[in-house]
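Letter by letter, the chains look like this.
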Amino acid sequence: MIILKQKITIILIFFLLTSLSISSINFRIILKIDNQIVTTYDLEQERNYLLALNPRLNEVDEKTLLDIAKKSIVKEVIRKNEILKYKELNLQNSQINTVLEKMINDLNFSNLQQFQNYLMSYSVSIDEIRGKIEIENEWKNLIYAKYSKSINIDKASLQSKIDNISEKEFLIEYNLSEIIFSKQNNNNLKEVEKKIFESINEIGFENTANLYSISDSAKVGGKIGWIRKDNLSAEVVEKLKNLKQNSNSPVIEIGNNYLILKINEIKETPVKIDKKRELEKMIMIETSKQLDKFSNIFYNKIKLNSKISEF
């Protein structure tokens, strides 16, 4: 009996030591953002999440991948902390399902079960995805509440575009990816441009978007999908007009930031316009563009006021 108790004790000690060893690996604190800690486990999960959304990140070295994951975590935690000043997060929010369905379609899965099986291969749960979607949704709601009165839409100009469209037989559409960046501190713009274009040549546009872009599209490799030519600004159209499929634009200045676009595909579609619905769509697109600018401005402001410590 005594020998049996000794064996049980040894086994329990072994499992305890093993558990402590695993904890020391997975739960070492690497960051503190205001009052929230980030562990190596959190970093690994963020890495897996980003890989699931953009498998081409497997092409970059592990250090770069972890740097991308760390940047992503910082952004999410700062946004979450700001949201929680005003309301609690709700994982039963109906908006989550809409975004989740779009994500499933964009990643070419037929249904939720297929997507869940795919996520399991990256050790990511569907609840983790729902949590991230909720943070992104509530951040957008927060930005709209703060800046909706500052949105300026020139409806007459949009209506004029629609009138011009209706006179055409075909419309050009671009499937685009983006990198949006800003100059950091006193960095020369040409130096930043050179670094980004070198990165595009070395690791590809999608991975460079993950690494350098400040847009929310960064986590999916900068993909923004199909956009009609007439929904782009005149300056952007000018930069794209002589480009072919799978080519990048030069740097385009947009407000306080800079934009590089990649044309993934180009197609022509027959004109079939419902003018009322088209105006509503254009207003929504322009509103989204302006809110994205306000989002970056507000995020940078609160990030400056956040206390971020690395360990």
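It should be noted that the structure appears before, not after, this text.
These notes cover the structure that comes with them. The structure displayed is predicted, hence computed values, not measured ones. (Residues numbered from 1 in each chain as written. Predicted model: local features only at pLDDT ≥ 70, side-chain atom pairs only at ≥ 80, totals over all residues. Heavy atoms only, no water.)

Counting its secondary structure elements, the protein contains eleven helices and eight strands. Taken along its principal axes, the extent of the C-alpha atoms in the protein is 95 × 45 × 40 Å. Each of the 311 residues in the protein was classed as buried or not, and the buried ones make up 41%. Summarising the internal contacts of the protein: among those between residues at least 6 apart in sequence, 72% fall at separations of at least 24. Taken as a whole, the protein presents about 18800 Å² of accessible surface, with 52% of it coming from carbon and sulfur. In the protein, 46 side chains carry a positive charge and 42 a negative one; their mean positions are 3 Å apart. (Helix = DSSP H or I, 4+ residues; strand = E, 2+ residues; numbered from the N terminus. Buried < 20%, exposed > 50% of the residue type's maximum accessible area, 1.4 Å probe, protein only. Contact = heavy atoms within 4.5 Å. Areas by Shrake-Rupley, 256 points an atom, 1.4 Å probe, with all protein chains shown as cover. Lys, Arg positive; Asp, Glu negative; His and termini not counted. Charge placed at Lys NZ, Arg CZ, Asp CG, Glu CD.)

There is a patch of nonpolar side chains on the surface, built from Ile-29, Ile-37 and Phe-311 and spanning about 300 Å² of accessible area. Tracing the backbone shows Phe-311 in the segment after strand 8 (308-310). (Patch = residues over 30% accessible without salt bridge, like charges linked within 9 Å, V, L, I, M, F, W, Y side chains within 5 Å. Salt bridge = Lys/Arg side-chain N within 4 Å of Asp/Glu carboxyl O.)

Applying the stated criterion across every chain, the model contains 19 salt bridges. Members of the salt-bridge network, linked through shared partners, are Arg-56, Glu-59, Glu-206 and Lys-262.

Sheet topology places strand 3 (residues 170-181) next to strand 7 (residues 257-270); twelve bridges connect them, and they run antiparallel. Considered in strand 7, the bridge of Glu-178 is made with Leu-261. Examined bridge by bridge, strand 5 (residues 247-248) and strand 7 share two bridges and lie antiparallel to one another. Paired with Ser-247 across the bridge in strand 7 is Ile-263. Connecting strand 6 (residues 252-254) to the antiparallel partner strand 7 that follows it, the hairpin turn spans two residues, and Gly-255 within it adopts a positive phi of roughly 65°. (Pairing = 2+ DSSP bridges.)

Turning to its location among the elements, Ser-177 is positioned in strand 3. Within the local environment of Ser-177, its side chain forms a polar contact with the side chain of Asn-264, the two groups lying 3.0 Å apart. Ignoring sequence-local partners within four residues, the contact set of Ser-177 consists of Phe-205, Gly-221, Gly-222, Lys-223, Ile-224, Ile-260, Leu-261, Lys-262 and Asn-264. (Polar contact = N/O pair within 3.5 Å; in protein donor to acceptor, adjacent residues only side chain to side chain.)

The subject of this paragraph is the packing of aromatic side chains. The geometry of two aromatic rings is summed up by the distance between their centres and the angle between their planes. Under the defined criterion, the tally for this structure stands at seven aromatic pairs. Where Phe-109 meets Phe-115, the ring centres are 5.8 Å apart and the plane angle is 45°; that geometry is what we call tilted. When the centroid spacing of 5.3 Å and the interplanar angle of 65° are considered together, the rings of Tyr-118 and Tyr-122 count as edge-to-face. Each member of the pair Tyr-118 and Tyr-122 is classed as buried. The aromatic ring of Tyr-299 is capped on one face by Lys-75, whose charged end is 5.8 Å from the ring centroid. Sitting over the ring of Trp-226, Lys-267 keeps its end group 4.2 Å from the ring centre. (Phe/Tyr/Trp six-rings, centres within 6.5 Å; stacked < 30°, edge-to-face > 60°. Lys NZ or Arg CZ within 6 Å of the ring centre and 35° of its normal.)

The next thing to look at is the environment of Ser-125. Following the sequence through the fold, Ser-125 ends up in the loop between helix 5 (112-120) and helix 6 (126-147). The exposure class assigned to Ser-125 is partly exposed, which follows from its relative accessible area of 31%. Taking the C-alpha atoms as reference, Ser-125 lies 9.9 Å from Gln-45; in sequence the two are 80 residues apart.

Moving on, we come to the sheet that holds strand 1 (residues 29-33). Spatial strand order, 2-1-8: three strands in an open sheet with antiparallel pairing. The open sheet has two free edges, formed respectively by strand 2 (36-39) and strand 8, since each of these has just one partner strand. Between one strand axis and the next, the sheet turns by 20° as a mean value, whatever way the strands run. Here strand 1 pairs with strand 8 via three bridges, running antiparallel. Each bridged residue has a counterpart across the sheet, and for Lys-32 the counterpart in strand 8 is Ser-309. Across the sheet, helix 2 (residues 40-53) is in contact with strand 1 and strand 2; its angle to strand 2 comes to roughly 70°. (Axes fitted to C-alpha atoms, helices over the stretch in contact; angles between N-to-C directions.)

Put simply, helix 3 (residues 62-83) and helix 11 (residues 275-304) touch, their axes get as near as 10 Å, and they point 90° apart. As the angle between them shows, helix 3 and helix 11 are arranged roughly perpendicular. Between helix 3 and helix 11, the contacting residues are Val-74, Lys-75, Ile-78, Arg-79 and Glu-82 on the first element and Ser-295, Phe-298, Tyr-299, Ile-302 and Lys-303 on the second. The residue makeup of the contact of helix 3 with helix 11, split by class, is five nonpolar, one polar and four charged. (Parallel < 35°, antiparallel > 145°, perpendicular 65-115°, else oblique. Nonpolar A, V, L, I, M, F, W, Y, C, P; charged D, E, K, R; others polar.)

Counting 45 residues, the largest nonpolar core has Phe-115, Leu-119, Ile-129 and Trp-139 as the members making the most contacts within it. When contributions to this core are tallied by element, the ones reaching two or more residues are strand 1, helix 2, helix 3, helix 4 (94-106), helix 5, helix 6 and helix 11. Trp-139 has contacts with Arg-79, Glu-82, Ile-83, Ser-295, Phe-298, Tyr-299 and Ile-302, leaving out every residue within four places of it along the chain. (Core = buried A, V, L, I, M, F, W, Y, C linked by side-chain atoms within 4.5 Å.)

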